[in-house]
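# An overview of the molecular structure
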Amino acid sequence: MSHPAFATLHPTGHHPETPDRLRVLQEAFPDWHEAGPAPVAAIERCHDEAYVELIRSLEAPTWLDADTPASETTFETALLSAGAAIAAVEMGGFALGRPPGHHALRARAMGFCIFGNAAVAARHAQAELGLARVAILDWDVHHGNGTQEIFWEDESVLFVSLHQWPFYPGGGGPDEQTDTIVNVPMSAGSGDEEYLLAFDHTVAPALERFQPELVIVSAGFDAHERDPLAGMRITADGFLELARRTKSLAPRVAAVLEGGYNLDTLPGLVGAALEGFG
């Protein structure tokens, strides 16, 4: 699931989160299906109305925080990104959209993210598809602090995050846990072996206990060994195996693109995950 606008709108200059990320993915997977924008009501299940209106009102390039550029086309692009996530949940697909979402807080942007795409899709699945128990598995190299904030007090959504720690944005440590918030901090330099061990030891049991009707994967690829923004060593085979093991643990699985900033490796990593999801 994608949209042509991702490769042109929401320009970010020399920022790592560039329209070229989606250009190379759309070229690599030319049979993608076009998704429409999320309705504002779907966004407001996760974000404050005043914040949504702030993004809608932008008329010129600006910075929403130290890491997050925005402009007059950001609102349109962010609605499309959330809409692609919703379409992925409805069809069991992979949302190739931007801007990413897992750092977006209820009332402000953060870390390249505008709206919490996976969170919006999870709420949509509950409200519109009748799925009571939804899990979000985040394997982006950074902790999904925005998704965690949105669901911190909601036991109908399980949030599991594998991430480099300590690292940006600083949360997700070993003591930051609830019955339905499972943080799995990983040491810098971790690769396939360490991630798959953590998956089998902690992630799989958490999903099996929760019995989700749907798993949404916040699929970041910046834990890859050649990504410029972090210090992990996952390979394409590692992402394939993470996807395969996730697929075996729920009746429905969808994925939403988060990070991944090496344009040479990103298409192959998405392809590996697609293969694993089957």
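Structure's up top.
Reading the values: the criteria
Residues numbered from 1 in each chain as written. Predicted model: local features only at pLDDT ≥ 70, side-chain atom pairs only at ≥ 80, totals over all residues. Heavy atoms only, no water. Helix = DSSP H or I, 4+ residues; strand = E, 2+ residues; numbered from the N terminus. Rg over C-alpha atoms; globule rule 2.2 N^0.38 Å. Buried < 20%, exposed > 50% of the residue type's maximum accessible area, 1.4 Å probe, protein only. Contact = heavy atoms within 4.5 Å. Lys, Arg positive; Asp, Glu negative; His and termini not counted. Charge placed at Lys NZ, Arg CZ, Asp CG, Glu CD. Expected span 1.5 Å × (residues − 1). Pairing = 2+ DSSP bridges. Polar contact = N/O pair within 3.5 Å; in protein donor to acceptor, adjacent residues only side chain to side chain. Salt bridge = Lys/Arg side-chain N within 4 Å of Asp/Glu carboxyl O. Core = buried A, V, L, I, M, F, W, Y, C linked by side-chain atoms within 4.5 Å.

## Comments concerning the overall build of the protein
A tally of regular secondary structure across the protein gives nine helices and eight strands. The C-alpha radius of gyration of the protein comes to 17 Å, within 12% of the 19 Å expected for a compact globule of 278 residues. Considering only C-alpha atoms, the protein reaches an extent of 50 × 40 × 35 Å along its principal axes. For the protein, buried positions account for 61% of its 278 residues. Counted over contacts in the protein with a minimum sequence separation of 6, partners at least 24 positions apart contribute 72%. Both charge centroids of the protein, one from 16 positive and one from 39 negative side chains, sit 3 Å from each other.

## What to know about helix α5 (residues 117–128)
Given a rise of 1.5 Å per residue, 12 residues ought to cover 16 Å, and the 16 Å separating the end C-alpha atoms of α5 matches this to within 8%. Burial runs high along α5: 10 of the 12 residues are buried. The set of residues buried in α5 consists of N117, A118, A119, V120, A121, A122, R123, H124, A125 and Q126.

## Description of the environment of V160
With respect to the secondary-structure elements, V160 resides in strand β5 (residues 157–164). In the structure, V160 is positioned 113 residues away from A273 in sequence and 18 Å away in space, judged by C-alpha atoms. Among all residues touching V160, those that are not within four sequence positions of it are I136, L137, D138, V182, V184 and V203.

## Some points on the pairing of strand β8 (residues 253–257)
Among the five residues in β8, five count as buried, and that is most of the element. Both faces of β8 are covered, namely the face carrying V253, A255 and L257 and the face carrying A254 and V256. Of the strand pairs in this sheet, strand β3 (residues 94–95) and β8 are connected by two bridges, and their pairing is parallel. The partner of A95 across the bridge, within β8, is V256. In this sheet, β8 lies alongside strand β7 (residues 214–219) in parallel orientation, the contact comprising five bridges. Across the sheet, residue A219 finds its bridge partner in β8, namely L257.

## A short note on the pairing of β5
For a regular strand, side-chain orientation follows a simple rule: the groups alternate between the two sheet faces. With eight of eight residues buried, β5 is to be regarded as a mostly interior element. Note that strand β4 (residues 134–138) and β5 share five bridges and pair parallel. Residue pairing in the sheet places V134 in a bridge with V157 of β5.

## Observations concerning the side chain of H142
Among the structural elements, H142 can be located in the loop between β4 and α6 (145–151). One polar contact links H142 to D222, side chain to side chain, over a distance of 3.3 Å. Ignoring sequence-local partners within four residues, the contact set of H142 consists of H102, H103, H163, F167, Y168, P169, D222 and L229.

## Digging into unusual backbone geometry
That bond from W165 to P166 is cis: its omega, -5°, falls within 30 degrees of zero. Here the bond from Y168 into P169 is cis, since omega is 5°, no more than 30 degrees from zero. Note that P169 resides in the loop between β5 and β6 (181–186). The phi torsion at H10 lies on the positive side, around 50°, for a residue other than glycine. Mapped onto the elements of the fold, H10 is located in the segment before α1 (19–28). Using a relative accessible area of 1% as the deciding quantity, one classes H10 as buried.

## Let's talk about the pattern of salt bridges
Using the criterion set out here, one finds 11 salt bridges in the structure. Salt-bridge contacts for E241 lead to R244; the nearest nitrogen and oxygen are separated by 2.4 Å. On the criterion of helical spacing, the pair formed by E241 and R244 is a turn pair, its members being three residues apart in helix α8 (residues 236–247). Between E241 and R245 there is a salt bridge; the shortest N-O distance is 2.8 Å. Of this pair, E241 and R245 both sit in helix α8, four residues apart, which is roughly one turn of the helix.

## Looking at the nonpolar core
Proteins that are soluble and globular tend to have nonpolar side chains buried together. Counting residues in each nonpolar core, the largest one holds 47 residues, and the members touching the most others are F94, W139, L162, F221 and F277. With nine residues, helix α7 (residues 192–210) is the single largest residue contributor to this core. Ignoring any residue separated from it by four or fewer positions in sequence, one finds F221 in contact with F94, W139, D227, F239, L257, G259, G260, L266, L269, V270 and A273.

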